[in-house]
Amino acid sequence: MSKANASPLIDRRHLDFLLYELLDVERLTRYPRFAEHNRETFDAAIELAHQIAVEKFLSHNRKSDLNEPQMVDGKVVLIPEIADALDAYNDSGFAAALADFEAGGMQLPFVVATVCDSMFSAANPGTVAYPALARAAANLLEVYGTDEQKRLYMQPIVAGRYYGTMCLSEPQAGSSLADIRTLAEPRDDGSYRIRGAKMWISAGDHELGENIVHLVLARIAGAPAGVRASASSSCRAGASTTAARARHVTTCAWPGSTTRWGNAAASTLSSSSARSTTATVTWWDRQTRALRRCST
Amino acid sequence: MFHMMNEERIGVGMGAVQQGSVGYLHSLEYARERRQGRHPDQKDPNTPPLRLIEHADVRRMLLQQKCYVEGAQALGFYASMLIDEAHGGDDAERRDAELLLELLTPIIKSWGSDYSLKANDLAIQLLGGYGYTRDYPVEQCYRDNRINPIHEGTNGIQALDLLGRKAMMQDGAELKSLLARIGATCAEAATVEGLAELAVQLRDGIKLAADATSAVGGRMAKGEVRLALANAEHYMTLLGHVTIGWCWLWQAVVAQRALPQASEADADFYRGKLQACRFFFATELPKIELAARLVERAEPSAYAMRAAWF
């Protein structure tokens, strides 16, 4: 009657069925990029992800639910198991699952990386939010950043030293991104001064890494209303016209951790059912310096 | 290189589905062990209580979870592989993959998060009073999962995007590409033992989706944009269920072909796939008939409702 499925995260027989009987993911090894891979290397990555997910992520899933992030003396305090789990995640190379072998990555196909991610998100959706958002920020920088911005902001994320966010929503603009008020004023030196408040920013503040790179959607001062208007202008790290999200955003990247750089003027935490830190972040004029740093 | 928003939305959808998976597996294990009640025609209180899984309605709740979770996993991993083909393939492969991804991504995000949340709801229900407490993990799965229909573009926004933009883009080329891919699986299934009727049923679904989309396109061309899009949520159900139905029929084709040579343990696995497919086609796929009717006729009651009438 009872059948053993060794995993609390996913039916492993079903997973093998999807990957090797239905989709035949080994076909991807016909591409030069994946020529050095085979079923054994795919399975090894998935098995490692599963093991770390169970041992390091699932093990504090309830504890982090019962102990939400706290703001203590201006700093975000998380339970220590989150940092331990992310150390294991970074040490085993999952922050660079898609990156080239030469850059120290696993050079995995996206589908295999998605399976690995699925293990972590099954085990602990709160803790996995930190590296997932960081990678999203790094991906955007890779496409739209200058070489200098990639070196300053993207590479440390890929190395697991920095984390990242996407700052889009505002108190008065959740689904209604056309109505954002955060303003980016161009300055003579090519940088932008940003003023505004962002809300519901997952992983918006914490002490997990050396720094947090915030990608901020802002309206260029003087631009007409609407999301397309802000897309037509661009910051140095700004969006052009291809990616679905980037079509609607203007982005600026700069170092913005509360403690290391003193840029984000205020952070408050909301309790979140997803349990990653959800912060409200406000920028004032004193961000000018940081922005200048961004665009040089 | 790996910047497309598609990838982030697939990530959100798959994160949701994985909470569905955790709840499903936990409730399955519980149903195999927990003993409660007897069959409806079993009146003797001296007979031992049954395992939960021996009750048909419990198996119904497990099959629903299995269909939602494993169907969405199949779709999400398939779409992830399309991203690899979009990056690595030749021009034709890239074009095909990108066309499909435009449509599949909002479905993975929305259908995946809506139905994996339903799966979590069923897992709580299956555990009864225990499921409602913090002594078991399923209530946390539900709470954690509840963000996913909200963030990264609410599911309402995703449905408007799917119907108002994606399904209409390039003169419907993306939809044609998806429906052609589904049609190819139907043609294959028509020749496989026991699957011919299911293939006919899904083919009817393809036609419903195509006709409903044309009707919306016609209304939008006449300037009735607000009315035409008022039922976008139902369109998501229509196209989502057709797409997940396709994922199940595809799995059934592979399972049926593998069955004759399978070991006993594998045979049970394949039979489970085939049964889940039949369950989805019997209890879920027919929902598209209502959804298609609402979309095609531009059902107006929500659109015409006034704030003052509430």
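Quick notes on the rules
- Residues numbered from 1 in each chain as written.
- Chains lettered and ligands numbered in written order.
- Predicted model: local features only at pLDDT ≥ 70, side-chain atom pairs only at ≥ 80, totals over all residues.
- Heavy atoms only, no water.
- Helix = DSSP H or I, 4+ residues; strand = E, 2+ residues; numbered from the N terminus.
- Rg over C-alpha atoms; globule rule 2.2 N^0.38 Å.
- Buried < 20%, exposed > 50% of the residue type's maximum accessible area, 1.4 Å probe, protein only.
- Contact = heavy atoms within 4.5 Å.
- Lys, Arg positive; Asp, Glu negative; His and termini not counted.
- Charge placed at Lys NZ, Arg CZ, Asp CG, Glu CD.
- Axes fitted to C-alpha atoms, helices over the stretch in contact; angles between N-to-C directions.
- Parallel < 35°, antiparallel > 145°, perpendicular 65-115°, else oblique.
- Left-handed = near helix turned anticlockwise from the far one by under 90°.
- Nonpolar A, V, L, I, M, F, W, Y, C, P; charged D, E, K, R; others polar.
- Phe/Tyr/Trp six-rings, centres within 6.5 Å; stacked < 30°, edge-to-face > 60°.
- Lys NZ or Arg CZ within 6 Å of the ring centre and 35° of its normal.
- pLDDT = per-residue confidence, 0-100.
- Salt bridge = Lys/Arg side-chain N within 4 Å of Asp/Glu carboxyl O.
- Buried area = accessible area lost by both parts, 1.4 Å probe.
- Polar contact = N/O pair within 3.5 Å; in protein donor to acceptor, adjacent residues only side chain to side chain.

Draft legend 1. Representation of the overall build of chain B within the structure. Counting its secondary structure elements, chain B contains 12 helices and zero strands. Each helix and strand of chain B, ordered N terminal to C terminal, gives the series α-α-α-α-α-α-α-α-α-α-α-α. Whereas a compact globule of 310 residues would reach a radius of gyration of roughly 19 Å, chain B reaches 21 Å, a difference of no more than 12%. Burial status across chain B gives 55% buried among its 310 residues. Taking the contacts inside chain B whose residues are at least 6 apart along the sequence as the reference set, 76% of them involve residues at least 24 apart. The averaged location of the 40 negative side-chain charges in chain B is 6 Å from the averaged location of its 34 positive side-chain charges.

Draft legend 2. Focus on the packing of helix α7 (residues 196-221) of chain B against helix α11 (residues 287-296) of chain B. Residue and element names in this part refer to chain B. Running from amino to carboxyl end, α7 crosses α11 at an angle of 15°, the nearest separation of the two axes being 9 Å. On the basis of the axis angle, α7 is roughly parallel to α11. Our pair here, α7 against α11, has a crossing hand that is left-handed. Here G205, L208, D211, A212, A215, V216 and R219 of α7 come into contact with α11, specifically with I288, E289, A292, V295 and E296. Considered class by class, the residues forming the contact of α7 with α11 number seven nonpolar, one polar and four charged.

Draft legend 3. Inspection of the packing of aromatic side chains at higher detail. Taken as a whole and assessed by the stated rule, the structure comprises 16 aromatic pairs over all chains. For the ring pair F94 of chain A and F120 of chain A, a centre distance of 5.2 Å and an interplane angle of 70° mean the geometry is edge-to-face. On the criterion of sequence distance, the pair formed by F94 of chain A in the loop between α4 (80-91) and α5 (110-123) and F120 of chain A in helix α5 is long-range, its members being 26 residues apart. For the pair F94 of chain A and F120 of chain A, one class covers both residues: buried. Considering the side-chain rings of W111 of chain B and Y115 of chain B, the 4.2 Å spacing of their centres and the 20° angle between planes classify their relative orientation as stacked. Here W111 of chain B and its partner Y115 of chain B are both found in helix α3 (residues 91-132), four residues apart, which amounts to about one turn of the helix. The pair W111 of chain B / Y115 of chain B is uniform in exposure class, with both members buried. Ring-pair connections join several aromatic residues into one group, and the members of that group are F57, Y89, F94 and F120 of chain A. Lying across the ring of Y20 of chain A, R39 of chain A places its NZ or CZ 3.8 Å from the centre. Over the aromatic face of Y115 of chain B sits the side chain of K118 of chain B, whose NZ or CZ is 5.2 Å from the ring centroid.

Draft legend 4. Seen up close, the confidence of the model for chain A. Mean pLDDT over chain A works out to 77, with 74% of the residues at or above the 70 mark. Note that residues 228-268 of chain A has pLDDT below 50 and, in this model, 135 contacts with residues that lie over four places away or in other chains.

Draft legend 5. The pattern of salt bridges, seen in detail. The final tally for this structure, using the stated rule, is 30 salt bridges over all chains. Here E47 of chain A makes a salt bridge to R12 of chain A, at a shortest N to O gap of 2.8 Å. Of this pair, E47 of chain A sits in helix α2 (residues 39-57) while R12 of chain A sits in helix α1 (residues 12-22), placing them 35 residues apart in sequence. When its relative accessible area of 22% is taken as the criterion, R12 of chain A is described as partly exposed. For D161 of chain B, the salt bridge identified is with R165 of chain B, shortest N-O distance 3.0 Å.

Draft legend 6. Examining the interface of chain B and chain A more closely. Contacts between chain B and chain A engage 52 residues on the former and 53 residues on the latter. Taken over both partners, the interface formed by chain B and chain A buries close to 4600 Å², and the fraction arising from carbon and sulfur atoms is 60%. On the surface where chain B and chain A come into contact, there are four salt bridges. For the salt bridge of E93 of chain B with R30 of chain A, the shortest nitrogen-to-oxygen distance reads 2.6 Å. Between the two partners, chain B and chain A, sit 19 residue pairs in polar contact (both at pLDDT 80 or more).

Draft legend 7. Representation of the packing of helix α2 (residues 56-88) of chain B against α3 of chain B. Residue and element names in this part refer to chain B. Here α2 crosses α3 at 155°, and the two axes come no closer than 8 Å. Our classification of the angle between α2 and α3 gives roughly antiparallel. Between α2 and α3 the crossing geometry is left-handed. The class makeup of the residues in the contact of α2 with α3 is 24 nonpolar, five polar and six charged.

Draft legend 8. Spatial organisation of the side chain of R219 of chain B. Residue and element names in this part refer to chain B. Looking at where R219 falls in the secondary structure, it is placed in helix α7. Here R219 falls in the buried class, since its relative accessible area comes to 19%. A polar atom in the side chain of R219 sits 2.9 Å from the backbone oxygen of E296.

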